[in-house]
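Structural overview
Now for the letters of each chain:
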Amino acid sequence: MGKFTFDEINSMYFDVLKEIGNIGAGNATTAIATLLNVKLNMEVPNVKLMAVQDLNTAIGSEEEEIVGIYLGVQNDIQGSLMFLLKMDDAHRLVNHLLGRAEEYQQPFDEMDLSAMKEIGNIIAGAYLSALSAMTNLNIASTVPDIAIDMAGAILSIPAIQFGQFGDNALLIETSFGGETMLEGYFILLPELDSYDKILTSLGIML
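Now for a description of the structure that goes with this document. The structure presented is a predicted model; accordingly, all values stated were derived computationally and were not measured.

1. Describing the overall build of the chain
Looking only at helices and strands, the chain has five helices and eight strands in total. For the chain, the α and β elements follow one another from N to C terminus as α-β-β-β-β-α-α-β-β-α-β-β-α. Classification of the 206 residues of the chain by burial places 47% in the buried group. Contacts in the chain between residues at least 24 apart in sequence constitute 72% of all its contacts with a sequence separation of at least 6. Per element, the accessible surface of the chain, about 9500 Å² overall, is 48% carbon and sulfur.

2. Digging into the packing of aromatic side chains
Geometry of an aromatic ring pair is reported as the spacing of the ring centres plus the angle between the planes. Under the counting rule described, the total for this entry stands at two aromatic pairs. Pairing Phe-83 with Phe-186 gives two aromatic rings, centres 5.1 Å apart and planes at 45°, and the pair type is tilted. Linking Phe-83 in strand β4 (residues 79-86) with Phe-186 in strand β8 (residues 181-190), this pair joins segments that are 103 residues apart in sequence. In this pair, the class of Phe-83 matches that of Phe-186, namely buried. Where Tyr-127 meets Phe-186, the ring centres are 5.3 Å apart and the plane angle is 25°; that geometry is what we call stacked. Taken together, the residues span a long stretch of sequence, with Tyr-127 in helix α3 (residues 110-135) and Phe-186 in strand β8 at a distance of 59 residues.

3. As for unusual backbone geometry
For Asn-75, which is not a glycine, the phi torsion comes out positive at approximately 85°. Since its relative accessible area comes to 39%, Asn-75 is described here as partly exposed. Even without being glycine, Asn-136 reaches a positive phi, approximately 60°. When you line up the elements, Asn-136 lands in the loop between α3 and β5 (139-141).

4. Points about the pairing of strand β3 (residues 65-75)
Strand direction decides the pairing type here: β3 and strand β6 (residues 145-150), joined by six bridges, are antiparallel. What sits directly across from Val-67, in β6, is Ile-148. Across eight bridges, β3 lies against β4 in antiparallel orientation. Residue pairing in the sheet places Val-73 in a bridge with Gly-79 of β4. Looking at chain direction, β3 and β5 are connected through three bridges and run antiparallel. In the sheet register, Gln-74 faces β5, and the bridge partner there is Ala-140.

5. Some points on helix α5 (residues 192-201)
When we look at burial in α5, the residues that qualify are Leu-192, Ser-194, Tyr-195, Asp-196, Ile-198 and Leu-199. Where α5 ends, the next residue or the one after it, Gly-203, has phi of about 85°, a positive value.

6. Overview of the nonpolar core
Counting 42 residues, the largest nonpolar core has Leu-81, Leu-93, Met-116, Tyr-127 and Phe-186 as its most contacted members. Residue contacts for Tyr-127: discarding those within four places in its chain leaves Ile-20, Gly-21, Gly-24, Ala-25, Leu-81, Leu-170, Ile-172, Phe-186 and Leu-188. Of all hydrophobic cores here, the second largest spans 16 residues; its members include Met-50, Ile-59, Ala-151 and Leu-155.

7. Thoughts on α3
Relative to the 38 Å expected for 26 residues at 1.5 Å per residue, α3 spans 37 Å between its end C-alpha atoms, a close match to the ideal helical length. The opening residue of α3 is Asp-109, an N-cap whose side-chain oxygen sits 3.1 Å from the backbone nitrogen of Met-111. Just downstream of α3 lies Asn-136, where phi reads positive at about 60°.

8. Here we look at the pattern of salt bridges
Tallying each qualifying case throughout the model produces two salt bridges. We note a salt bridge from Arg-100 to Asp-112, for which the minimum N-O separation is 2.8 Å. Linking Arg-100 in the loop between α2 (87-98) and α3 with Asp-112 in helix α3, this pair joins segments that are twelve residues apart in sequence. Here Asp-112 falls in the buried class, since its relative accessible area comes to 1%.

9. Regarding the packing of α2 against α3
If you want to describe how two helices pack, look at the angle between their axes and the distance between the axes. Here α2 crosses α3 at 100°, and the two axes come no closer than 10 Å. Classified by the angle their axes make, α2 and α3 are roughly perpendicular. Between α2 and α3, the residues in contact are Ala-90, Leu-93, Val-94, Leu-97 and Leu-98 and Met-111, Asp-112, Ala-115, Met-116 and Ile-119, respectively. For the contact of α2 with α3, the per-class residue count stands at nine nonpolar, no polar and one charged.

Parameters and conventions
- Per chain, the residues get numbers from 1 upward, laid out in the order the sequence is written.
- Reporting in this predicted model follows two pLDDT cut-offs: at least 70 for local features of residues, and 80 or more for side-chain atom pairs to be given and counted; totals over whole chains, interfaces and linings ignore these cut-offs and use all residues.
- As a rule here, side-chain values cover all heavy atoms of the structure and leave hydrogens and water aside.
- Strands are runs of DSSP state E lasting at least 2 residues, helices are runs of H or I lasting at least 4, and numbering of each runs from the N terminus.
- The rule is simple: take the accessible area with a 1.4 Å probe, protein chains only, and divide by the maximum for that residue type; under 20% is buried, over 50% is exposed, in between is partly exposed.
- We call two residues in contact whenever any of their non-hydrogen atoms come within 4.5 Å of each other.
- Only the protein chains shown count as cover for residues, with accessible areas throughout obtained via the Shrake-Rupley method and a probe of 1.4 Å.
- Each aromatic pair joins two rings of Phe, Tyr and Trp (for Trp, the six-membered one) with centres within 6.5 Å, and gets the label stacked for planes under 30 degrees apart, edge-to-face for over 60, and tilted for any other angle.
- Here the rule is simple: two strands pair whenever DSSP picks up at least two bridges between them.
- We call a set of buried Ala, Val, Leu, Ile, Met, Phe, Trp, Tyr and Cys residues a nonpolar core when their side-chain atoms join them within 4.5 Å.
- Working rule for helices: expected span equals 1.5 Å times residues minus one.
- Polar contact is the term for a pair of N or O atoms within 3.5 Å; when the atoms are in protein, one must be able to donate a hydrogen and the other to accept it, and sequence-neighboring residues count only if both atoms are side-chain atoms.
- The salt bridge definition used is simple: a Lys or Arg side-chain nitrogen within 4 Å of an Asp or Glu carboxyl oxygen.
- To define axes, lines are fitted to C-alpha atoms, for helices over the stretch in contact only, and angles between the resulting N-to-C directions are given on a 0 to 180 degree scale.
- Angles below 35 degrees are treated as roughly parallel, those above 145 as roughly antiparallel, those between 65 and 115 as roughly perpendicular, and all remaining angles as oblique.
- When residues are sorted by character, Ala, Val, Leu, Ile, Met, Phe, Trp, Tyr, Cys and Pro go into the nonpolar class, Asp, Glu, Lys and Arg into the charged class, and all the rest, Gly among them, into the polar class.

This is a description of form; function is not addressed.
What follows is the structure in structure tokens.
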């Protein structure tokens, strides 16, 4: 367990975490635009630390069905990363990638799930590349897992896992798109030792 605790976060620490979130979300938006071969605009991400027990309602009602893509974070830092989409936005992304009409709303089949995993993999890779470039740390992700379930069920996974290490999680909300804006949510869950490494590598003494 590292010496860093979330109770000790001051504005400087949070500003650094917010900057990592901003750059990561920007890289991820660029990666999606490249994947879909479209021009996307991105609004300034909303980055906040929130209590783990509040994650179940982080993106709306805990009964709302959402898509969650989960990846482990490994090498110089350890932890996990989740990328979350509401169902309408997930359908729009997959439909565009697969060349379907935007309004197509049939339940996801294996091809759709595979496409969503690939989107999640590219987005997570872009996000972690930004973090790696800022910190000079070697950071990689595991093979993604995907779940379609109620928000409360999906978000209980990081809440349980992160409960071992602290009381808060870093939530990054980003809006991106063209004529239609989509909302995506990142939850970054480094272990406490990894937060030590991230902040120390950026010259912040703990």
